[in-house]
Amino acid sequence: MGMTMTQKILANAAGMESVSAGDLIMANLSLVLGNDITSPVAIKEFDKLGLESVFDKTKIALVPDHFTPNKDIKSAEQCMAVRNFANEQDILNYFEVGEVGIEHALLPEKGLVVAGDVVIGADSHTCTYGALGAFSTGVGSTDMAAGMAIGKAWFKVPEAIKFNLTGKLGKYVSGKDLILHIIGMIGVDGALYKSMEFVGEGVHTLTMDDRFTVAIWRLKQVQRTAYLRLTI
């Protein structure tokens, strides 16, 4: 039996010919994401490492989208910590107030994630980018710090569930209806530590909005290695 698309992406990022479900691997990261809630914690952990610079200033995205505009002093301090770090490290993809938007909509719009990428983000909705054919997953702030430092992360290669979509969505039916129906079929823990890979003619009828919605709702079931592959 051949590798799933998830496994092919992870194998490529790990520099291996093949991987199997259950393998523990170190994979190169295409992008590390943080926001104004999780990044300040990651920055503190990064500083403890005593490194002068991040692994690649072009492969880190800092998006202060939760506390902007600042509602109080504490919110302002959170955003200031991100701003100062971005300036010190010359982070290319730092989005200041006035340039920012919802992080998981902003990154695809900016073309920062493409098919085949491996992305970690200190936000559970990072699995959104599965809609683009990437492996993307939410992580904790300490994992984000390590990613910024060495450009790698460890993964346990997940098993996969294949969903064959046939036909097309009916009138007034959206991608959210689709994923909620699927979750109802397999249960809230039906894909725990597994990837969900969508194939079939029905995939081609889904708009990108539908695909992003299906992917982002995926987090309701799995966090650390969440991944959604929509065959386009």
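Located above this text is the structure these notes cover.
Draft legend 1. Structural view of the packing of aromatic side chains. Summed over all chains, the structure comprises three aromatic pairs. Both rings, one in F46 and one in F85, keep their centres 5.6 Å apart while their planes meet at 80 degrees; by these two values the pair is edge-to-face. Of the two residues, F46 sits in helix α2 (residues 39–48) while F85 sits in helix α3 (residues 73–89), which places them 39 residues apart along the sequence. Taking the ring centre of Y193 as reference, the NZ or CZ of K156 above it sits at 5.5 Å.

Draft legend 2. Broad picture of unusual backbone geometry. Here the bond from T68 into P69 is cis, since omega is -5 degrees, no more than 30 degrees from zero. Mapping P69 onto the fold places it in the loop between β3 (60–63) and α3. The backbone of Y193 shows a phi angle near 55 degrees, a positive value even though the residue is not glycine. With respect to the secondary-structure elements, Y193 resides in the loop between α6 (175–186) and β9 (194–199).

Cut-off values and rules
- Residues numbered from 1 in each chain as written.
- Predicted model: local features only at pLDDT ≥ 70, side-chain atom pairs only at ≥ 80, totals over all residues.
- Heavy atoms only, no water.
- Phe/Tyr/Trp six-rings, centres within 6.5 Å; stacked < 30°, edge-to-face > 60°.
- Helix = DSSP H or I, 4+ residues; strand = E, 2+ residues; numbered from the N terminus.
- Lys NZ or Arg CZ within 6 Å of the ring centre and 35° of its normal.

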